[in-house]
Amino acid sequence: MRKLISTLGVCLFAVSISLLNAASAAEPKNPMNAPDELAWQLFLQVNASVQPGTGGNALFETWASDHDTFQLQPQPWPVKTAPLALKVPALRAAARALSKGHAFQTVQVVPGATDDEPSEETRRNKEAYNYIVANKLFTVSGLKAAFGKTMNFPVDSLEVKANWYPVVSTKDPKKSGIPGYTGALADTAKVYHVSTASDGVQYALVAMHVISKQVPNWTWATFEHKNNPSRCDILGCKDPFGAAAAYVAPNPASGQGYADCKKTPALAALYAKAKIDPAFANYCLKGTQTDFTTATGQAVRLGNSVTENGFVNQSSCMTCHSRAAFDHMGKATTGGGFDRLTRLASIGPVEASWFAASTSGNPPYAPIVVGQSDLTQFATQADFVWSIPFCAVDDTVSPVPRSGCSGK
Ligand code: HEC
């Protein structure tokens, strides 16, 4: 495993910019100074049509899913991947389990979603997949061996988490299963990017997280379909690059819907060059996150109305993902980033005490002094990639259960 410096903290100046070879994108901007522009370039890149002109699958749908990755023996790339690897959204399940007093939960895998609960999948590109496979981060014994090491994904790694709703209501075959869609059922694929899952059911894409390792602590962006009823609730929507209205304030009442995120000429120009399912024109950037706090120390929040539904007010992509960590037994040290004591998702700065304890009684105040002898590390950070501690196959028990993240 490559040992590189990945000290967590507020210091983010060691920015290395890798050039994406995105056919659709102009030269990417500095991710820290133009995160919204970069977010859109990534969106158009990961959603590029695999067979241009046909609508069809988006590039990310051909990447390795969590199901493909967290196997006892993952396949070599290119992975023969299932059409859609959907599972019940883990975060909401984690939040629910915690509220019942259980620290950890197992993801319940289902072939499809109901109208009330969208389905979820994670996909990663070759670079991210090969890193996990080469470093054996897909099993608990692999994590035990990686304990104490420093993880650092290759700069061209990309990961996507997507949420889908059934196109046709599971309760009424004449109705849409997508909250916020009022058009004709037959027109769904004009308005939403639609794909068929392994159970043969058609699903419409409603939400998408995209992260890239272009900076040490990754870039963080989340997109929503324009019709999502709670799109800008609680935190508002912020997109100075792509939306004509750079900031949309949240409605006082939730679930009321928002006006379309009319695109700026700059973004329209990127779309015009992209080889993409035309339905992707109906998606909005909700926002990006580049740091744990503002320069004045306030917690930065970003959450998707679908993916982080129920805790958007307490959602910081970066802080929660900094807690993607495992102990010397290869087990996650938190229930999906929810604090065991407060039962809340962590926001704001990363705390040294999440990873190390001091034997002398002095608390491990950040920043930890390098070489401080009384510190014991009890959690190894998984470079912000939550699926590693969350989905690793537990090969330390017999019989070996399937990964909690495996699809059908
Ligand atoms: C409270 C914790 C929490 C918050 C907040 C959160 N995530 Fe996650 N995220 C997780 C967990 C846990 C997983 C793995 C399980 C799963 O797929 O749900 C995950 C998975 C992901 C993945 C798949 C790759 C990976 O890390 O495994 C991406 C991409 C992602 N999240 C992006 C985001 C973005 C972007 C935001 C902010 C808009 C965000 N997350 C907010 C906990 C969180």
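Preceding this section is the structure that the text describes.
Residues numbered from 1 in each chain as written. Predicted model: local features only at pLDDT ≥ 70, side-chain atom pairs only at ≥ 80, totals over all residues. Heavy atoms only, no water.

A. Representation of the environment of Glu120 in the model. Structurally, the position occupied by Glu120 is in strand β2 (residues 119-124). Expressed as a C-alpha distance, the spacing of Glu120 and Ala207, which sit 87 residues apart in the sequence, is 9.3 Å. In terms of polar contacts, Glu120 uses its side chain to reach the side chain of Asn163, at 2.9 Å. (Helix = DSSP H or I, 4+ residues; strand = E, 2+ residues; numbered from the N terminus. Polar contact = N/O pair within 3.5 Å; in protein donor to acceptor, adjacent residues only side chain to side chain.)

B. Fine view of the state of the cysteines. All chains considered together, the criterion is met by 3 disulfides. Put simply, Cys261 and Cys284 are joined by a disulfide, and their sulfur atoms are 2.1 Å apart. Because the sign of the S-S torsion sets the handedness, a value of about -85 degrees for the bond joining Cys261 and Cys284 places this disulfide among the left-handed ones. Within this pair, whereas Cys261 is found in the loop between β8 (247-248) and α7 (265-273), its partner Cys284 is found in strand β9 (residues 283-289), the two being separated by 23 residues in sequence. Here Cys261 falls in the buried class, since its relative accessible area comes to 13%. (Disulfide = S-S within 2.5 Å. Buried < 20%, exposed > 50% of the residue type's maximum accessible area, 1.4 Å probe, protein only.)

C. Representation of the packing of aromatic side chains within the structure. Taken as a whole, this structure holds 16 aromatic pairs when the rule is applied. Taken together, the ring pairs connect Trp40, Phe43, Phe223, Tyr271, Phe280 and Tyr283 into an aromatic cluster. Above the plane of the ring of Trp354 lies Arg323, whose end atom (NZ or CZ) is 4.0 Å from the centre. (Phe/Tyr/Trp six-rings, centres within 6.5 Å; stacked < 30°, edge-to-face > 60°. Lys NZ or Arg CZ within 6 Å of the ring centre and 35° of its normal.)

D. Seen up close, the nonpolar core. By size, the foremost hydrophobic cluster in this structure holds 41 residues, and its most contacted members are Trp40, Phe43, Val46, Phe60, Tyr192, Met208 and Phe223. Secondary structure elements with two or more residues in this core: α1 (35-46), β3 (158-166), β5 (202-212), β6 (219-225), α7 and β9. In contact with Tyr192, other than residues within four places in its own chain, are Ile178, Pro179, Gly180, Tyr181, Ala204, Leu205, Val206, His225, Asn227, Ala279 and Tyr283. Ala128, Val140, Leu143 and Phe292 belong to the second largest nonpolar core, which has 36 residues in total. (Core = buried A, V, L, I, M, F, W, Y, C linked by side-chain atoms within 4.5 Å. Contact = heavy atoms within 4.5 Å.)

E. View of the coordination of the iron atom of the ligand. Protein coordination of the iron atom of the ligand rests on one atom only, His321 (NE2), at 2.0 Å. Inspection of the secondary structure puts His321 in helix α8 (residues 317-322). (Donors = N, O, S within 2.8 Å, 3.2 Å for Na, K, Ca; no water.)

F. Molecular detail of the pairing of β2. With 6 of 6 residues buried, β2 lies mostly within the body of the structure. Residues Ser119, Glu121 and Arg123 of β2 are buried on one face, and the alternating residues Glu120, Thr122 and Arg124, pointing to the opposite face, are buried as well.

G. Structural view of the pairing of β9. Most of β9 sits inside the fold, with 7 of its 7 residues counted as buried. Note that β6 and β9 share 6 bridges and pair antiparallel. By the bridge assignment for β9, Glu224 is matched with Cys284. (Pairing = 2+ DSSP bridges.)

H. Expanded view of the site of the ligand. Surrounding the ligand, one finds 28 residues, the nearest of these being Lys161, Cys317, Cys320, His321 and Ser387. Grouping the amino acids of the shell around the ligand by side-chain chemistry returns 15 nonpolar, 8 polar and 5 charged. (Near = heavy atom within 4 Å. Nonpolar A, V, L, I, M, F, W, Y, C, P; charged D, E, K, R; others polar.)

I. View of the side chain of Asp68. With respect to the element layout, Asp68 can be found in helix α2 (residues 66-69). For Asp68, which is buried and forms no salt bridge, the nearest opposite charge comes from Arg123, at a distance of 4.1 Å. Of the polar contacts made by the side chain of Asp68, one reaches the backbone nitrogen of Ser65; its length is 2.8 Å. (Lys, Arg positive; Asp, Glu negative; His and termini not counted. Salt bridge = Lys/Arg side-chain N within 4 Å of Asp/Glu carboxyl O.)

J. Quick look at the side chain of Asp394. Positionally, Asp394 belongs in the segment after α9 (387-391). In this structure the side chain of Asp394 is engaged in a polar contact, spanning 2.5 Å, whose partner is the side chain of Thr396.

K. Geometry of α7. Within the span of α7, buried status applies to Leu267, Leu270 and Tyr271. Projected down its long axis, α7 carries its buried residues within an arc of 100 degrees, all on one side. Opposite the buried face of α7, at more than 90 degrees from it, the exposed residues are Pro265 and Ala272. (Arc of directions from axis to C-beta.)

L. Fine view of unusual backbone geometry. The step from Trp77 to Pro78 runs through a cis peptide bond, and the omega angle for that step is 0 degrees. The step from Ser398 to Pro399 runs through a cis peptide bond, and the omega angle for that step is -5 degrees. Position of Pro399 relative to the elements: it lies in the segment after α9. Unlike most non-glycine residues, Lys136 shows phi in positive territory, near 55 degrees. Its relative accessible area of 52% is what places Lys136 among the exposed residues. The phi torsion at Phe384 lies on the positive side, around 70 degrees, for a residue other than glycine. Tracing the backbone shows Phe384 in the loop between β13 (380-381) and α9. In this structure Phe384 comes out as buried when scored by relative accessible area, which is 2%.

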